[in-house]
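A closer look at the structure
Each chain is listed here by its residues.
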Amino acid sequence: MARPASFDREQVLGRATEAFWDHGYGATSISQLVEATKLQPGSLYAAFDSKQGLFLAALDFYATRSLQRLRGALDGAADPLQGIHRFFGQLVRASAESKRPRGCLLVNTVLEVGRHDPEVQARVKAHLAEVESVFVAALEKAQVQGLLAADRSPKSLARFLMITIWGLRVLSGVDADAKQARLVVEQALSVLDA
């Protein structure tokens, strides 16, 4: 009978996520994952089946945390548009404060392996679609409240916000200039003006 796992799964996933985020999927070795997670290779394989299994679980872990931050920004705001502004402000601050410019793990994954690995591509696509649906719901709510013009398409605006995030996250991976990022965000979010 197999022995039950004796480790904190969330903690292991957090550490594995950091390793993949720092090095990318291809360049992260099993020995780096062993060092990061403090688990032996056999334990990693028993818990996650493979390096790819651990990577997919790390993507889920990362995406869940990202979605929580978005929902937190929206829930804590006076109105949906203020929540969207707050979320983008958090992205800019996080990028500026980061000691290791890494961009977004999901975007990095699309650029590195997403086009060549259908399972990874599907997983990332599902996570990004979930974020986009949260934006759609917030924009629809803003429209009902009269904060967003009735002739604006929440779906098109949500897609625009997603593309803006992708661009910001790629930019933050190579240049963490908060002033430039703030200017980009101000310009992008001006499309929400009623």
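Report on the accompanying structure. What you see is a predicted model; the values in this text were computed from it and never measured.

**So, the nonpolar core**
Note that soluble globular proteins tend to have their nonpolar side chains buried in a common cluster. Of all hydrophobic cores here, the largest spans 58 residues; its most connected members are Ile 84, Phe 88, Phe 135 and Leu 139. Ranked by residues supplied to this core, first place goes to helix H4 (residues 51–75) with 13 residues.

**A look at helix H5 (residues 80–97)**
For H5, with 18 residues, the first-to-last C-alpha span of 26 Å sits near the 26 Å given by 1.5 Å per residue. Looking only at H5, the buried set comprises Pro 80, Leu 81, Gly 83, Ile 84, Phe 87, Phe 88, Gly 89, Leu 91, Val 92 and Ser 95. Against H4, helix H7 (118–144), helix H8 (154–174) and helix H9 (178–189) lie the buried residues of H5. At the N-terminal boundary of H5, the capping side chain belongs to Asp 79, with an oxygen 3.0 Å from the backbone nitrogen of Leu 81.

**Side note on a nonpolar patch on the surface**
A cluster of nonpolar residues, Val 110, Leu 111 and Val 170, forms a patch on the protein surface that exposes about 220 Å² of accessible area. Looking at the secondary structure, you find Leu 111 in helix H6 (residues 105–114).

**Some remarks on the layout of surface pockets**
Quantified by volume, the largest pocket comes out at close to 570 Å³. Lining the largest pocket are 30 residues, with Trp 21, Tyr 62, Ser 66, Arg 69 and Arg 169 positioned closest to its centre. Broken down by secondary-structure element, the contributors of at least two residues to the lining of the largest pocket are helix H1 (9–23), H4, H5, H6, H7 and H8. The element best represented in the lining of the largest pocket is H4, accounting for 6 residues. For the lining of the largest pocket, a count of residues per class yields 16 nonpolar, 8 polar and 6 charged. Put simply, the second largest pocket is a space of about 290 Å³. The wall of the second largest pocket is formed by 14 residues, among which Val 124, Lys 125, Leu 128, Ala 129 and Trp 166 lie closest to the centre. Mapped onto the lining of the second largest pocket, the elements with two or more residues apiece are H6, H7 and H8. Take the lining of the second largest pocket: its biggest share by element is 7 residues, from H7. Residue classes in the lining of the second largest pocket are distributed as 7 nonpolar, 3 polar and 4 charged.

**Section: the side chain of Asp 117**
Residue placement: Asp 117 occurs in the loop between H6 and H7. For the buried residue Asp 117, which engages in no salt bridge, the nearest side chain bearing the opposite charge is Arg 123, 9.3 Å off. Looking at Asp 117, its side chain comes within polar contact range of the side chain of Gln 52, at 2.9 Å. One polar contact links the side chain of Asp 117 to the main-chain amide nitrogen of Val 120, over a distance of 3.1 Å.

Conventions we followed
- Residues numbered from 1 in each chain as written.
- Predicted model: local features only at pLDDT ≥ 70, side-chain atom pairs only at ≥ 80, totals over all residues.
- Heavy atoms only, no water.
- Core = buried A, V, L, I, M, F, W, Y, C linked by side-chain atoms within 4.5 Å.
- Buried < 20%, exposed > 50% of the residue type's maximum accessible area, 1.4 Å probe, protein only.
- Helix = DSSP H or I, 4+ residues; strand = E, 2+ residues; numbered from the N terminus.
- Expected span 1.5 Å × (residues − 1).
- Contact = heavy atoms within 4.5 Å.
- Polar contact = N/O pair within 3.5 Å; in protein donor to acceptor, adjacent residues only side chain to side chain.
- Patch = residues over 30% accessible without salt bridge, like charges linked within 9 Å, V, L, I, M, F, W, Y side chains within 5 Å.
- Areas by Shrake-Rupley, 256 points an atom, 1.4 Å probe, with all protein chains shown as cover.
- Salt bridge = Lys/Arg side-chain N within 4 Å of Asp/Glu carboxyl O.
- 1 Å grid on protein atoms, 1.4 Å probe; cavity = no way out; pocket = protein on both sides within 12 Å on 5 of 7 lines; lining within 4 Å.
- Points joined across faces, edges and corners; volume = space filled by probe spheres on them.
- Nonpolar A, V, L, I, M, F, W, Y, C, P; charged D, E, K, R; others polar.
- Lys, Arg positive; Asp, Glu negative; His and termini not counted.

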